[in-house]
Amino acid sequence: MIRGVIALMTDDPGWHGARLESAFRARGYETRVVPLGRCTLDMDGMHRGIVLPGFPEGHPDGVFVRGIPAGTLEEVILRLNILHALQAEGVTVYNDARVIERSVDKALTSFLLAGAGLSVPPTRVTSNREDAIAFVEQELAAGHPVVCKPLFGAQGKGIVRIGTRDELPTADQVQGVWYLQRFIQSQTAGSSDWRIFVIGEHTVAVIRRSSDGWLTNSARGGECHVGVVDPLVSAKAEDAAACLGMNYAGVDMLCDLHGRWWVLEVNGIPAWRGLQAATGIDVAELLADDFLRHCNGTGLGELAS
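Overview of the structure. (Residues numbered from 1 in each chain as written. Predicted model: local features only at pLDDT ≥ 70, side-chain atom pairs only at ≥ 80, totals over all residues. Heavy atoms only, no water.)

**Focus: the pattern of salt bridges**
Heads up, the condition is: Salt bridge, as used here: a side-chain nitrogen of Lys or Arg that lies within 4 Å of a carboxyl oxygen of Asp or Glu. Strands here are runs of E lasting at least two residues and helices are runs of H or I lasting at least four, both read from the DSSP assignment and numbered beginning at the N terminus. The rule is simple: take the accessible area with a 1.4 Å probe, protein chains only, and divide by the maximum for that residue type; under 20% is buried, over 50% is exposed, in between is partly exposed.
A full pass over the atoms with the stated rule returns 14 salt bridges. In this structure, Asp 289 and Arg 27 form a salt bridge, with 2.6 Å as the shortest nitrogen-oxygen distance. Taken together, the positions of Asp 289 in helix α8 (residues 283–294) and Arg 27 in the loop between α1 (14–26) and β2 (29–34) put the pair 262 residues apart, joining distant regions of the chain. Of the residues examined, Asp 289 reaches a relative accessible area of 32% and is grouped as partly exposed. In this structure, the salt-bridge partner of Glu 89 is Arg 48, at a minimum N-O distance of 2.6 Å. Here the residue Glu 89 occupies a position in the loop between α2 (73–88) and β6 (92–94), and Arg 48 occupies one in strand β4 (residues 47–51), the gap between them amounting to 41 residues. Taking the relative accessible area as the measure of exposure, Glu 89 reaches 33% and is therefore partly exposed.

**Comments concerning the sheet that holds strand β5 (residues 62–65)**
Quick reminder of the rule: Criterion used throughout: strands pair if DSSP finds at least two bridges between them. Structural elements are reduced to axes, namely lines fitted to C-alpha atoms, with helices fitted over the stretch in contact, and the angle between N-to-C directions of any two is expressed from 0 to 180 degrees. Throughout, a contact is declared for two residues whenever any of their heavy atoms are within 4.5 Å.
The 4 strands are arranged β2-β1-β5-β6 in an open sheet whose pairing can be described as parallel. Strands at the two margins of the open sheet, each flanked by one partner only, are β2 and β6. Between one strand and the next, the sheet's axes are offset by a mean angle of 25°, whatever the strand orientation. Note: β5 against β6, 3 bridges, orientation parallel. Across the sheet, residue Phe 64 finds its bridge partner in β6, namely Tyr 94. Strands in contact with α8 are β1 (4–9), β2, β5 and β6; relative to β6, the strand with the most contacts, it is inclined by about 150°.

**Examining the sheet that holds strand β8 (residues 146–149)**
Read across the open sheet, the 4 strands follow the order β7-β10-β8-β9; overall the sheet is antiparallel. Each having just a single partner strand, β7 (123–126) and β9 (160–162) make up the two edges of the open sheet. Mean inter-strand twist for the sheet, computed between neighbouring axes without regard to direction, equals 25°. With 3 bridges joining them, β8 and β9 adopt antiparallel strand pairing. By the bridge assignment, Val 146 is partnered in β9 with Ile 162. Across the sheet, helix α4 (residues 106–115) lies against β7, β8 and β10 (178–182), angled at about 45° from β10, the strand it touches most. Sitting on the sheet, helix α5 (residues 129–141) touches β7, β8, β9 and β10, and the angle it makes with β10 is about 10°.

Put into structure tokens, the structure is as follows:
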């Protein structure tokens, strides 16, 4: 007997979608893949509705977000509004639209983390080229290279390391906004950082990512190894996830040459294939359990208890 139907929000479920589908099926729940770009808001006079492909009978029992497709500003806002609307209708959305808005925008993420007292590398975000040049010159003069990251991006794509003023990307190359951050040299030879996976406010897995180059993302050729960190470092990762209101998160941290830990990024739709391969932890199983716990009060969670 099917206990409920969950919408998996993504255009391409891939390996992660298959793992989640298997985990939910084992608990008695069906999943249906829903591309956000095909969802519609429909208002008719005094009534309002949300039209989701694959759900002609009404709302899903819960929504698990695995991807927000790129698009124009208007398209992205509509896709987030679909998630907002579902939550307004009482549907559990995991991670919800507010979380995604905070985490997909690196500028807002860094601002909120710094405001919570977490160590964030010196960062400047500006649409003024002279301000960007001034930051680069200031950092280089102090002996620090700079990285320029896309404001919206993942898996290390589009990140540029700047060693001279002339290497600063043009406005067109950064969509008119420079997100600049001091490059922090890791404590180990080569480059390495740590991905701390947090679910339900608790660290569930840690890996160290290493590379002979300066990018450690597994999507860019970085290697994943089982990692162990001090509980105080795990607590910082958990604080970072809580600061952004996340149900689950991949928190990227780095230990510098002086032993200081920095929060680099917090991912609201993190991948875990490399992490699972390194640790053997079935992350989808943990996510499914936590998701169903969050559905308490909607009827779905009561069935799952």
